[in-house]
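The primary structure of each chain is shown beneath.
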Amino acid sequence: MTVLVGYVPSPMGMAALQAAIGQARFRDEPVLVVNTSRGDAYVDPCFAQQPDLDAVTRELTASGVPFAIRQLMQGRDAAEEIADLAEAQDVSLVVLGIRHRSPIGKLILGSTAQEILLRVSCPVLAVKAATPRRISRAAGPSRWPLPSEP
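Since we're looking at a predicted model, the values are computed, not measured. (Residues numbered from 1 in each chain as written. Predicted model: local features only at pLDDT ≥ 70, side-chain atom pairs only at ≥ 80, totals over all residues. Heavy atoms only, no water.)

**Things to note about the sheet that holds strand β1 (residues 2-6)**
In sheet architecture, strand pairing relies on hydrogen bonds along the backbone and comes in two forms, parallel and antiparallel.
Here comes step 1: In spatial order, the strands read β3-β2-β1-β4-β5; together these five strands make up an open sheet with parallel pairing. Of all strands in the sheet, those with a lone pairing partner are β3 (67-73) and β5 (124-128), marking the two edges. On average, each strand axis in the sheet is inclined to that of its neighbour by 20 degrees, with strand direction left out of account.
Here comes step 2: Pairing geometry for β1 and strand β2 (residues 31-37), over four bridges, is parallel. Pairing of Val 3 across the sheet is with Val 31, part of β2. (Pairing = 2+ DSSP bridges. Helix = DSSP H or I, 4+ residues; strand = E, 2+ residues; numbered from the N terminus. Axes fitted to C-alpha atoms, helices over the stretch in contact; angles between N-to-C directions.)

Right, here's the structure in full:
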């Protein structure tokens, strides 16, 4: 079996890659990195260029996990490619990086992650990229003890 990761050159793609490496170690399985474009790779920001692929290769080589990288430009969307590969490659887990989107953004543009969740029969792990924590003003001001307080 194999851990498949849908990779895009972004912080969410690297978060997905890291999670896939951890899952592959836990399961003692290889990683299959998939990066796709509908054919407009020169203008598609999700299509990994050679420096991005080199960074992925370095990360996977350093991890010691067996891996393969597939970059596809067959005119189909990422959800179709990943779902077909998950079925054909005997995938035990699909790992995806996700980002927060507004309800309107989801309505207009759809959601690749949601489509993958609905299409594949194996478990899907969705991970977010680490973001700096923000201090919420809604919680009110913090009250730190003064030196004279116990």
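**Details of the pattern of salt bridges**
Here comes step 1: Taken as a whole and judged by the stated rule, the model has three salt bridges.
Here comes step 2: With its nearest N and O atoms 3.4 Å apart, the salt bridge here joins Glu 81 to Arg 76.
Here comes step 3: When its relative accessible area of 3% is taken as the criterion, Glu 81 is described as buried.
Here comes step 4: Residue classification places Arg 76 among the partly exposed positions, given a relative accessible area of 27%.
Here comes step 5: The residue Arg 76 makes a salt bridge to Asp 84 at a minimum N-O spacing of 2.5 Å. (Salt bridge = Lys/Arg side-chain N within 4 Å of Asp/Glu carboxyl O. Buried < 20%, exposed > 50% of the residue type's maximum accessible area, 1.4 Å probe, protein only.)

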